[in-house]
2 protein chains.
Amino acid sequence: MTQLTLTSNNRCFNGEQRYYSHQSAVTNSEMSFSIYLPDEAVAGKSCPAILYLSGLTCSPDNVTHKAHFQQKCSELGMIFIAPDTSPKGEDVANDDRYFVGQGASYYVDATEQPWAENFKMHSYIADEFYDLIRSQFPISSVGITGHSMGGHGAIMFGFKYPSKFISVSAIAPVCVASESDWGKAAFSEYFGQDSNQQQAWAQFDAVNVVEKAGKQYPLILVDQGAADDFYIDGYLRPEALQQACQKVEQPLTLRYHAGFDHSYYFIQTVIEDHIDHHYNAALSHG
Amino acid sequence: MTQLTLTSNNRCFNGEQRYYSHQSAVTNSEMSFSIYLPDEAVAGKSCPAILYLSGLTCSPDNVTHKAHFQQKCSELGMIFIAPDTSPKGEDVANDDRYFVGQGASYYVDATEQPWAENFKMHSYIADEFYDLIRSQFPISSVGITGHSMGGHGAIMFGFKYPSKFISVSAIAPVCVASESDWGKAAFSEYFGQDSNQQQAWAQFDAVNVVEKAGKQYPLILVDQGAADDFYIDGYLRPEALQQACQKVEQPLTLRYHAGFDHSYYFIQTVIEDHIDHHYNAALSHG
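Residues numbered from 1 in each chain as written. Chains lettered and ligands numbered in written order. Predicted model: local features only at pLDDT ≥ 70, side-chain atom pairs only at ≥ 80, totals over all residues. Heavy atoms only, no water.

As named in an unreviewed UniProt entry, chain A is S-formylglutathione hydrolase, taken from Psychrobacter piechaudii. In UniProt, chain A has this text filed under Function (unreviewed entry): "Serine hydrolase involved in the detoxification of formaldehyde." (UniProt positions renumbered as here; feature names shortened; annotations may be inferred.)

What follows is the structure, given as structure tokens:
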């Protein structure tokens, strides 16, 4: 049984904002995460949970400090969990570019050195961390969401493992990671650069995972700021996700928000709609 | 006319979260502040404003990122303004202790060197900054609030200058600054240590300002976390504020919140009640 170490606990609305660390057998490193537990969950009652995957450069702090999910989760009795974006620390490989290495796992399992030693975030999130939270906290169901690189992760995990997640949403997701300049740089490090490998990259793209999996959810929700420079410059490509969803008849609500950028000011503006989306799925799930 | 430089602008809910910098003639330094403008204010309509004074070590970032005032201010059409806690920069005097120097002005005007050159935060907030925001933004009235050292500031300014502020509240305020270990260290630097000076320190204490001013507001609101270590260790002393208010018949709502600490997790839990307090005062103010 994995040992959890409670590193902080702050009362927030009618619940507790906690941080934990634990040793991961998958990433061969210490990993940290934050979890908001409404009082019902603290008392041991099973509650629906949202797993939030963060974007490039982030730790669990960004969403925990800046997304303002606690008030709504307190009201609805939902658990909100934010794992880290990669293994981290002096003993873990890194890169000077913010879109490669620590904080930039893309939630894949690297096969090339020096990354393969620790960068196994796909297996970590889908298996070890998923099992850990379900065994350690009173969770009745799990919805998955995320921002930017974490939106890529949320769609990828949601459609690869529909038996594990009851609902999917994303905020400003990277929809075609392998074709973005960020993803090309990261995947060439994690998987190698030869042409066979490059074809393999696309299997992790949100759009390809959706096309391969077909319809899995009654409705998925995606929000995109229309003034987001990364969207304007083609890093995110929500229109490709829309096409993939249309192709397999996966219902999608894709909303563009005039004036909003890629920051947590946008995330906090739409986060309550995402919490409602996952809460309603949990109600239907029973 | 003081020139404002817009340093960032992010859309957030139905409004804009902006940061500005400007050269201050009072502190002889560049000063920065954040301001949330609901769309009504962006369009030029006069709106009520809340001036929020931050605590030790803070910049305008802490409250702007972590207090989550934007949603409520967007709904009510309120402006929210957060100045810095002191002059800052390599050319400004500083101290290794977090409760003295940069980030720890106590909102007083220092008379001793090296502080007197820049540490004129009392005059800055009460005069220069107050006039600046009223001349540059469509503000119909100003309420004042703050956290910890900033709660001290909010009560002090509110009761020294009741013609400038229509309402006062505070979160975990330092109520007797001159008798706290923090304040003793800071005031002995800013005002000098001889016994005449030490008597002068008390004139800035929230409790003494309230006693001297007498009743000024229909009701002031103070929230205190009951598990706040600084409260437990006697740095804050809300009971002294309660006694001062009773003495001069200043109505006070003082609420203790079981389990809550001194962090922004507490602030975000109560901030909407403070926004309501100031909004209702603005409605009454007409």
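Next comes the rest of the description.
Draft legend 1. Structural view of the relation of the copies chain B and chain A. Taken as rigid bodies, chain B and chain A are interconverted by a rotation of 180° and an axial shift of 0.0 Å, the fit giving an RMSD of 0.0 Å. The transformation relating the two chain copies, once decomposed into turn and shift, fits a two-fold axis. Ranked by how close their C-alpha atoms come to the rotation axis, the residues of chain B are headed by Lys66 of chain B, at 2.8 Å. (Least-squares fit on C-alpha atoms with pLDDT ≥ 70 in both.)

Draft legend 2. Quick look at the packing of aromatic side chains. Residue and element names in this part refer to chain A. Within this structure, the stated rule accounts for 50 aromatic pairs over all chains. Where Tyr98 meets Phe99, the ring centres are 5.1 Å apart and the plane angle is 85°; that geometry is what we call edge-to-face. On the basis of an interplanar angle of 45° and a centroid distance of 5.7 Å, the ring pair of Tyr231 and Tyr256 is categorised as tilted. Within this pair, whereas Tyr231 is found in helix α9 (residues 229-232), its partner Tyr256 is found in strand β9 (residues 252-257), the two being separated by 25 residues in sequence. Three or more aromatic residues joined by ring pairs form one cluster here, namely Tyr20, Phe33, Tyr124, Phe129 and Phe137. (Phe/Tyr/Trp six-rings, centres within 6.5 Å; stacked < 30°, edge-to-face > 60°. Helix = DSSP H or I, 4+ residues; strand = E, 2+ residues; numbered from the N terminus.)

Draft legend 3. Quick peek at the interface of chain B and chain A. At the junction of the two partners, chain B supplies 22 residues and chain A supplies 23 residues. Where chain B abuts chain A, roughly 2,000 Å² becomes buried across the two surfaces, and 51% of that area is made up of carbon and sulfur atoms. Area buried by chain B at its contact with chain A is led by Arg11, His68 and Tyr265 of chain B, which between them contribute 33% of it. Summed over the shared surface of chain B and chain A, the number is 0 salt bridges. There are 7 residue pairs in polar contact (both at pLDDT 80 or more) connecting chain B and chain A. Those elements giving two or more residues to the side of chain B that touches chain A turn out to be β1 (5-11), β2 (15-24), α2 (60-66), α3 (70-76) and α11 (264-285) of chain B. With 5 residues, the top contributor of residues to the side of chain B that touches chain A is α11 of chain B. Considering only residue class, the side of chain B that touches chain A consists of 7 nonpolar, 11 polar and 4 charged. (Contact = heavy atoms within 4.5 Å. Buried area = accessible area lost by both parts, 1.4 Å probe. Salt bridge = Lys/Arg side-chain N within 4 Å of Asp/Glu carboxyl O. Polar contact = N/O pair within 3.5 Å; in protein donor to acceptor, adjacent residues only side chain to side chain. Nonpolar A, V, L, I, M, F, W, Y, C, P; charged D, E, K, R; others polar.)

Draft legend 4. The nonpolar core, seen in detail. Core analysis: the largest hydrophobic core is formed by 97 residues, its most contacted members being Ile81 and Tyr190 of chain A. If you tally residues by element for this core, the top one is helix α4 (residues 121-136) of chain A, at 8 residues. Those residues in contact with Ile81 of chain A that lie beyond four places of it in its chain are Phe33, Ser34, Ile35, Ala49, Ile50, Leu51, Tyr52, Phe129, Ile133 and Ile139 of chain A. By size, the runner-up hydrophobic cluster in this structure holds 96 residues, among which are Ala41, Ala186, Ile220 and Ala240 of chain B. (Core = buried A, V, L, I, M, F, W, Y, C linked by side-chain atoms within 4.5 Å. Buried < 20%, exposed > 50% of the residue type's maximum accessible area, 1.4 Å probe, protein only.)

Draft legend 5. View of unusual backbone geometry. The peptide bond linking Gln113 of chain A to Pro114 of chain A adopts the cis configuration, its omega dihedral lying at 5°. Along the polypeptide, Pro114 of chain A turns up in the loop between β5 (79-83) and α4. Of note in this structure, Tyr107 of chain B is not a glycine but carries a positive phi near 55°. Tracing the chain through its elements places Tyr107 of chain B in the loop between β5 (79-83) and α4 (121-136).

Draft legend 6. Region of interest: the sheet that holds strand β2 (residues 15-24) of chain A. All names here are of chain A. A sheet is described by the order of its strands in space; here 9 strands give the open sequence β1-β2-β3-β5-β4-β6-β7-β8-β9, paired in mixed fashion. The open sheet terminates on both sides in strands that have one partner only, identified here as β1 (5-11) and β9. Averaged over all pairs of adjacent strands, the angle between their axes in this sheet comes to 20°, without regard to strand direction. Across 4 bridges, strand β3 (residues 29-38) lies against β5 in antiparallel orientation. Bridge pairing links Ile35 to Ile81 in β5. Sheet strands in contact with helix α5 (residues 149-160) are β4 (47-53), β6 (139-146), β7 (167-171) and β8 (220-225), and its direction is about 135° off that of β6. On top of the sheet, helix α10 (residues 238-248) reaches β8 and β9; it is set at about 160° to β9, its chief contact. (Pairing = 2+ DSSP bridges. Axes fitted to C-alpha atoms, helices over the stretch in contact; angles between N-to-C directions.)

Draft legend 7. Up close: the side chain of Ser21 of chain B. Checked against the element boundaries, Ser21 of chain B lands in strand β2. If we ignore the near neighbours within four places in the chain, the residues touching Ser21 of chain B are Gln3, Leu4, Thr5, Thr7, Glu30, Met31 and Ser32 of chain B.

Draft legend 8. Summary view of the state of the cysteines. Residue and element names in this part refer to chain B. The tally for this structure, following the rule as stated, stands at 0 disulfides over all chains. Of all cysteine sulfurs, the one in Cys73 lies closest to Cys12, which takes part in no disulfide; the gap is 10 Å. Classification of Cys73 as buried rests on a relative accessible area of 0%. (Disulfide = S-S within 2.5 Å.)

Draft legend 9. Structural view of the environment of Ile271 of chain B. Residue and element names in this part refer to chain B. Mapped onto the elements, Ile271 comes out in helix α11. Judged by its relative accessible area of 2%, Ile271 is buried. Separated by 202 residues in sequence, Ile271 and Phe69 place their C-alpha atoms 6.6 Å apart.

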